[in-house]
Each structure stands twice: as structure tokens, then as C-alpha cells.
Amino acid sequence: MSEGTMQRRAQRDQRDQRAKRLNRVLVCAAAVPVMLVAAGCSSDSGSGDSTDKAANAAASASASPSPTVEAAAYDKLPESCKALSKKTLKDLVPKSKSGKEGKSDDISTRGSCSWNSLDNNGVKGSQFRWLNVSMLRFESDATRGSGDKLAQQYYEKQVQDAQAAEGAKGVKSEPVSGTGDQATAVRYDLKKKEGTFKQQTIVTRVENVVVTLDYNGAGLAGDKSPSADEMAKDAKKAAKEAVAAVSDANGAGGGKASGDPSKPASKSPSEEPSKEASQGASKDSSASPSKTPSKKS
């Protein structure tokens, strides 16, 4: 091999090596922008996801409505001792001169009144009557529910308590129509040393108010017992009148408070009916018959 040939081969080898190095440089240079673009996309994607999640959470929070409840229908009660007409009182408790108003820390929320009547006929015996009307009003509360719902719960409890009265014999219950939104009559006999008392309890719910009417009577000193059917009829009539008094106290026809169902609900007067209010009628009805009515001199 001549010297010229060897020199040309060496030059060709050098050119080939330079071409390979140049190709490697071009490949690396082309790869750098691709990596940068990929890294940039990855970074943008993460940032966008975080922003979108935060925006969605804020939108969801702002879209959640605050708790609301329908305003109570009635915002006051009638005077408890004036809830029944003079004629009704004359029929049910003829010898009563005036009613005894029960204690209440808020007469717009709870009230009660009771009447006693003793028709003393000396040796021929006596007729005793006792009447009590109690009213409890519930206001709507965003956490506890509407006034109607709270009143219904209390109404059901009052009916159950009447049906489970201590010492009650021959308990009977029946629905009463045409009196408020719901009404139940509970009747039974209650034997005491003075005689057998005929007990009538009418529990009524009208909107957000519960009216409980207790009426009992007995024949004393040998006099005959009163007719339970007649007493039941009188008690139902009086309960219907008391319910009408609630409606009248809030304006003709009652209706929603301030005529605006969307009115924000006010706070409930109490978390639960006070013991005084929830037990007032039952205490009086159980206590009164046990007292021996004093005879007129």
C-alpha cells in the first residue's frame, strides 16, 4: 500500500469520526427542548388541578343554602281564663264563680286556667265538677324544626300520658273531628275514696298550638255518678271553643305569622316544654279528684 493511499484512508477515518460526534451533538440538542416542554406541561397540569379543586370547593360552599324552617302560624295565645264563654262555663261548672289562672313565665307561650264547681244538696248528695284548659305554643326553630312539627310531637305525648293515667279504669280513646288539625278524646273512670270520678281529656293540636282540656265529675255523699257520655259531649264542645279562641287571638282565620311563610324563624321559647307546662294539667286533674270537696254549711 502506497503512502498516498494510507494518507487518504486516515483522512476518511477522521471525517467519519467528526460526523458521528456531530450527530450525537444534534441528537442531544434536539432532546433538550422536548424535556423542557414535558417538564413545563407537567408543572402546569399540577398547578391547574390545585386551582380547579380550590375553585370547585369555594363554589360548592357558596352554593350550600343555610338551614331554613317555615315560620310558626300563631304567635300568641288567648287569655286562658277567657278561652271559654260564660255560657259554656255555666253548663260545665255551674257553681264556679271564677277561674284560677295557672302560673306562667310567658303567657304568649303557655297558659292554663281551672274551675271548680260543687253543687251541694245536703243529705241528698252533691255533684262535683272540675275543668281545666291548658295551652302550649311552639315557635319554629332552625335546629329543632317547625312549630307544627314540635306541637305534633307534644300532642302525641299528651295523648299517651292521658291514656296511661295512674289509677285509670276502662280507658277509651277516639279521634275527634272538626276540632283543630288533630284531636283525640280519652275517657276513663278514676276511683277515689270520695267516689268514682268520670274523667274526660281532649287533646287538640291547631297549627303550632296544643290545647289540653280536662273535665271530670262525680256524685258525692250518695248522689249518683254523672253520665260519662254527657260529660264527653260537653268536653268536646268546650275544646272546640278553646281552639277557636286561639285562632281569634291571632286574627280572623289565623294563618302564618305575619302572613309571610318565608319569615326567618325565631328561636324556640324553650328547648322542651317546661315541667310546669307539660305536667300542669295532669297534676291538677289527678290532684283535684283526690280532694274531698267541702260541703256548704
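The structure under discussion appears in the preceding block.
Presented here is a report on the structure given in the accompanying data block.

Rules used in this analysis
Residues numbered from 1 in each chain as written. Predicted model: local features only at pLDDT ≥ 70, side-chain atom pairs only at ≥ 80, totals over all residues. Heavy atoms only, no water. Helix = DSSP H or I, 4+ residues; strand = E, 2+ residues; numbered from the N terminus. Buried < 20%, exposed > 50% of the residue type's maximum accessible area, 1.4 Å probe, protein only. Contact = heavy atoms within 4.5 Å. Areas by Shrake-Rupley, 256 points an atom, 1.4 Å probe, with all protein chains shown as cover. Core = buried A, V, L, I, M, F, W, Y, C linked by side-chain atoms within 4.5 Å. Disulfide = S-S within 2.5 Å. Salt bridge = Lys/Arg side-chain N within 4 Å of Asp/Glu carboxyl O. Phe/Tyr/Trp six-rings, centres within 6.5 Å; stacked < 30°, edge-to-face > 60°. Pairing = 2+ DSSP bridges. Axes fitted to C-alpha atoms, helices over the stretch in contact; angles between N-to-C directions.

Focus on the overall build of the protein chain
Secondary structure summary: the protein chain contains five helices and seven strands in total. The linear arrangement of helices and strands in the protein chain, starting from the amino end, is α-α-β-β-β-α-β-β-β-β-α-α. Burial analysis of the protein chain (297 residues in total) assigns 37% to the buried set. Considering only contacts in the protein chain between residues 6 or more positions apart, those separated by 24 or more positions represent 65%. Here the protein chain has roughly 17,500 Å² of accessible surface; of this, 52% comes from carbon and sulfur atoms.

Notes on the nonpolar core
With 30 residues, the main nonpolar core has Leu84, Trp115, Leu131, Val133 and Leu213 as its most contacted residues. Going through the elements one at a time, α2 (86–92), β2 (110–120), β3 (126–137), β5 (182–192), β6 (195–206), β7 (209–220) and α4 (228–249) are the ones with two or more residues in this core. In terms of residue count, α4 provides more of this core than any other element does, eight residues in total. Not counting the four nearest positions on each side in its chain, Leu131 is found in contact with Leu84, Leu89, Leu92, Val93, Cys113, Ser114, Trp115, Leu213, Asp214 and Tyr215.

With respect to the state of the cysteines
Inspection of every chain in the model, using the stated rule, returns one disulfide. Between the sulfur atoms of Cys81 and its disulfide partner Cys113 the distance amounts to 2.0 Å. Looking along the S-S bond of the Cys81-Cys113 disulfide, the torsion reads about 95°, which is the right-handed sense. Taken together, the residues Cys81 in the loop between α1 (3–63) and α2 and Cys113 in strand β2 connect sequence positions 32 residues apart.

Describing the pattern of salt bridges
All chains considered together, the criterion is met by nine salt bridges. Here Lys236 and Glu174 are joined by a salt bridge, their closest N and O atoms 2.6 Å apart. Of this pair, Lys236 sits in helix α4 while Glu174 is found in strand β4 (residues 168–175), placing the two residues 62 residues apart along the sequence. Taking the relative accessible area as the measure of exposure, Lys236 reaches 26% and is therefore partly exposed. Classification of Glu174 by relative accessible area gives partly exposed; the value is 34%.

Some details on the packing of aromatic side chains
Going through the model one piece at a time under the given rule, you end up with two aromatic pairs. Judged by centre distance (6.1 Å) and plane angle (80°), the rings of Phe128 and Phe197 are edge-to-face. Within this pair, whereas Phe128 is found in strand β3, its partner Phe197 is found in strand β6, the two being separated by 69 residues in sequence. No difference in accessibility class separates Phe128 from Phe197, as the two residues are buried. Between the aromatic rings of Phe138 and Tyr154, the centroid separation amounts to 5.6 Å while the plane-to-plane angle is 55°, which identifies the pairing as tilted. Linking Phe138 in the loop between β3 and α3 (147–163) with Tyr154 in helix α3, this pair joins segments that are 16 residues apart in sequence. Each member of the pair, Phe138 as well as Tyr154, is classed as buried.

Notes on the sheet that holds β4
Taken in spatial order, the seven strands line up as β1-β2-β3-β7-β6-β5-β4 in an open sheet, and their pairing is antiparallel. Edge strands, defined here as strands with exactly one partner in the open sheet, are β1 (100–101) and β4. Sheet topology note: the β5/β6 ladder contains eleven bridges and is antiparallel. Residue pairing across strands places Asp189 opposite Lys198, the latter belonging to β6. Running at roughly 30° to β6, α4 makes contact with β3, β4, β5, β6 and β7 of the sheet.

So yeah, pure geometry; function would need other evidence.
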